[in-house]
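# Residue-level structure breakdown
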Amino acid sequence: MEICYGNIFNIQRFSVHDGPGARTTVFFKGCNLHCVWCHNPESIPSKAVIEFYPQKCIGCGECFKVCTHKVHLIAPDGDHLIDRQACEGCLTCTDTCYAGALAPVGRKVTAEYVVKQIETDIPYYQSSGGGVTFSGGEAMLQIEFLSKLLTECRKKGIHTAVDTAGNVPREYFEKILPVTDLFLFDVKAADSEVHKMLTGVHNERILSNLYWLADQGARIFVRIPFVPSRNGSEMEAIADILSEIKPELAEVIPYHKLGAAKYAALGLIDQCHDESTPSDEEVEEVLTILKNAGVNARKS
Amino acid sequence: MLDTSKVVLSPLYRDRINGLHEDKLKINDIKMKLIGHLNFDDWGFVYYPDFKFEARPNHPSGIVCGYRAIGEHIRRFMHEMPKYVNVNSALGGAWIKPITDYVNIGIAPEDDVPKELKECWHKYHTYPGFAGMNHCAGDINIGLELGWGGLLKKLRYYRELNNPADPAFYDGEEDVVLGMQEWIAGVSKEARRMAAEETDPDKHQNLIEIAEMNEWLIENPPRTLREACQFIAHFQTLDRTYYVGGALDQLDEKLRPYYERDVAAGILTDDMAVWYIASVFFNDTHYSQIAGLTPDGSRDLTSRMSFIILDAMHAIKIPVNIAIRVHDGVNKELLRRSLEYTVEDGTGVDYSCNIGIEQGYKKNGYPEGLARTRIKVGCNWCCVCGHEYPLQDVTRANMGFALYWALQDIRNESERSTARLFELFCKHTQIIVDSIKQGYDRHYEIMGRNRPEVVYNLFMYGPVERGLNCSEGGVDILNFNIDGVALATVADSFAAIEQRIEKEGRITWDQMFEALDANYEGYENIRLMMKNINRFGSPDSLAEDWAYKIRDFYVWACKHEGTPKHHLMIIPGLFSHGTVAELGARLPATPNGRKNYEPISHSNEPDPGFAAGINTFAPTLKANAVAQAQPGFGNSAPLHLDIDTDMLSKEGGIDALIALIHTHNHMGGTLINLNCLTEKKLLEAHEDPSKHPDLLVRVTGYSAFFASLSKDYRQQIIDRFLSKKY
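All figures in this text were calculated on a predicted structure; none of them were measured in a lab.

Calculation criteria
- Residues numbered from 1 in each chain as written.
- Chains lettered and ligands numbered in written order.
- Predicted model: local features only at pLDDT ≥ 70, side-chain atom pairs only at ≥ 80, totals over all residues.
- Domains from an automatic or database assignment.
- Contact = placed C-beta atoms within 7 Å.
- Helix = DSSP H or I, 4+ residues; strand = E, 2+ residues; numbered from the N terminus.
- Nonpolar A, V, L, I, M, F, W, Y, C, P; charged D, E, K, R; others polar.
- Pairing = 2+ DSSP bridges.
- Axes fitted to C-alpha atoms, helices over the stretch in contact; angles between N-to-C directions.
- Expected span 1.5 Å × (residues − 1).

### Concerning the domain arrangement of chain A
Residue and element names in this part refer to chain A. You can read the domains of chain A as domain 1 (5-46 + 107-299) and domain 2 (49-105). Here domain 1 and domain 2 have C-alpha centroids that lie 32 Å from each other. Each partner contributes residues to the interface: domain 1 has eight residues there, and domain 2 has eight residues. Top contributing element to the side of domain 1 that touches domain 2 by residue count: helix α11 (residues 260-266), with three residues. For the side of domain 1 that touches domain 2, the residue count by class is four nonpolar, one polar and three charged.

### Examining the sheet that holds strand β3 (residues 287-290) of chain B
All names here are of chain B. The strand order across the open sheet built from six strands is β2-β3-β4-β5-β14-β13, with neighbouring strands paired in mixed fashion. At either margin of the open sheet sits one strand with a lone partner, and together these are β2 (247-250) and β13 (639-644). The average angle at which neighbouring strand axes cross in this sheet is 25°, direction not considered. With two bridges joining them, β2 and β3 adopt parallel strand pairing. Residue pairing for β3: Ala247 is matched across the bridge by Tyr287. Helix α8 (residues 251-264) contacts β2 and β3 of the sheet and is inclined by roughly 65° relative to β2.

### So, unusual backbone geometry
Residue A:Gly137 is bonded to the preceding A:Gly136 through a cis peptide linkage, with omega at 10°. Within the chain, A:Lys246 stands out as a residue other than glycine whose phi angle is a positive 55°. Tracing the chain through its elements places A:Lys246 in the loop between α10 (235-245) and β12 (249-254). The phi dihedral of B:Tyr243 is positive, around 75°, even though this residue is not glycine. Tracing the chain through its elements places B:Tyr243 in the loop between α7 (225-241) and β2.

### A look at helix α5 (residues 143-155) of chain A
Residue and element names in this part refer to chain A. Over its 13 residues, α5 extends 18 Å from the first C-alpha to the last, a length consistent with the 18 Å expected when each residue adds 1.5 Å. Looking at the buried positions of α5, the neighbouring elements they touch are β1 (5-15), α3 (111-119), β8 (131-135), β9 (159-164) and α6 (170-176). Among the residues trailing α5, Gly157 stands out with phi positive, at a value near 75°.

### With respect to the interface of chain B and chain A
Facing the 27 residues of chain B at the interface are 25 residues of chain A. Elements represented by at least two residues in the side of chain B that touches chain A include exactly α19 (524-531), α22 (619-628) and α24 (653-666) of chain B. With eight residues, the single largest contributor to the side of chain B that touches chain A is α24(B). Its residues assigned to classes, the side of chain B that touches chain A shows twelve nonpolar, eleven polar and four charged.

Given below as structure tokens:
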């Protein structure tokens, strides 16, 4: 296999909610959306970043010694501070942090390495109807790397899925469509202005890609993050879109707070810190809206 | 067409089973208050703290030993012990505690092993297996077909036929059977006494039925499913009383003829059957298997009885030790139902894998048809019921101590390397294994005349016919198992030294020894450096390579030759029960960052928290490691999975788990012990066990009330569960 590099931050095996069967989900670094509810904020920057868990720090001082960018600082009160603007993502400090207080997010890997990790679970894919899902971040931003992985997995008979927010040039979809068995396509809002408010970008290109994929006969599961106070009012309009697209499945993903700790570790502000998880009744209402529009929908 | 539907309980049987559940919690609560924790399964006994029993030693050393003395004590014990009858149960009787709590049944000093062997075991903290009891299994059909009266006749027939010079074998065995007949008569009498005082007509009738059934069973074999269940309950009582045996049989298949006959005769409904089986479970938690292949491999054994057993387990919601033998053609509904019950409330089974067990056993030179009948009847172990004396689960070859002594050797050498350390480790591992083999030779010679298997002898093919204890030629198949422990502890230690000292040069050997000598006090950074490598279980890790290398040597050491004197067959295993805390309790700090006396790793499993970097924890990551590091000769090295119920309760969750079970089977795994838990409930129960007295967990191959476990054991479950989330 010719050498092809990409940036990923996690390989999650036995993932049962990223497409059919038991799957390996590979999380790519870098995203061109900034969703206010993002539960993988570590995925947004394309370069490697460090997470800091002060409760694990044993004060050995090794990170201060090895960092040439003066990222690690001591506050007057003795606290360990991090200057994230100065960080270049070299990860030298995380290599010396045996306590695990500094954890790297993101690693440059070869496609060969990733395929090797994926293929160890082939027996599970075969017995469950599963496969691999490339997620992120936005996997399609590393289109060459993604294309290589999809092609190699296809050669090995592994079912392939791409989880995307769709905000990429049409050519990217054209490139991977022949080697992708399933698209998990996020629809976060129907109204473009609302979409921009929630994600930082308008959605014309995204919806255009979604319609195009549907026209091509691609197999599509639409995924709808549901944060009642943010996009709850969009559900009727989303249902209208989906009634035209007719995806095989629409999955409603209720907002959860599993990403909250990551914001603190990354020194970021969680814009949804006061958001609560929607009730079963609220989720059921959304499902009813979708089903009334003729969409095959379920809760994820 | 097999009826796979769930049994709908009528109010009468639902209330009775609920009553048994409540009574079990009360009995358990009393036991916890009087005894403290129990690090085993529930065991089913009803404790009578005021019961007294007179021991009558027959050896100058003050012990009781040999067929006659043991038989006499068992007979008297069964006669005198309280007769427990529960009005909600379909069956009478319960055991009260092992007879060994009242009588010192031991090995005569002149038959003990040499002092040097004991010193060796002490040096390496070896559990030698010498003088180990039980851990074999009878064929319950022998008893079901003959009844206690028939067993007595059989003993007398072979006593006369063989006319041995020393009839001690038959004297002892006869006393055991006579003791059982007296016990059953006592249970019957107690049921009649209670019936006389019972005003509720349903309960009165039930007690009369228990009394009449037991009167019949004193002499006669069971005729109905209820009588067969009563026979099994009495067997469990006897088996537990004498040396805490726990092996039953292929329960669905052994009970199927009774079920089918009773249904055809119109005297049995499915909800009655569920009540009978729930009553067996209330009586005790003996290990049994359901499903699996017929000996010729032509079909799955799943029957309506298999589903009734599952439903009984689910209805009574107490610890129950049932395994499903998984194979490609295992009934899909049975497998799915078992998982649904596990997810719902933890009343699940464990999964014995046919490929690893059967193909592995074949490698010892046995035919495949025989291997298919080697079923799971112990917490982790299997046996050809009635035909094999397998003696598993009684040894622990602690490879942590082989490493410790290898480190002591190498610190005095000028050339230090992991290659040299491995040579020394192999030398010490071989010493441990050889010492266990020597003990087994002695075991083979002396067990019959000291602590014979007076219970299992009755239920095996050969001992009664030959007048020989099953350990010394009573049965045709003799296997002796050696269980290695601390695989990951040792593999991670080797990998840490290779990576940090040899490859990276971050510390020196001397610095490591200083840190180990100081129990890492003042060397926390070195401890974390050694601990936070890619540990066994991480893909492509140095530790994974070391684990295979260590496993290969250990298996070779066990397998390349039998015992030195009698050339007895050894089968290697990798299993530690739940005793990882106890096994680590004397082991000094190890190079994997483990401090003095902390637990060692379990079985052939990676340590909790092994997954790191971009490869985060997943059940398959652990399952792959366990499957690939199997000892490979048909003894189980179990996979423990503690999975968040939230994940599985979503659509597709059960399907994924089914795929995982089948795949682990195909990858060569041998046993899957599964817990489905929620973090909230688990942490609450750990903090205050009384808050969730009925929380069921699978510790290793057995299930238990979480509240009954000691803090160390509870911590193991917590560590396993939480390490997957963070």
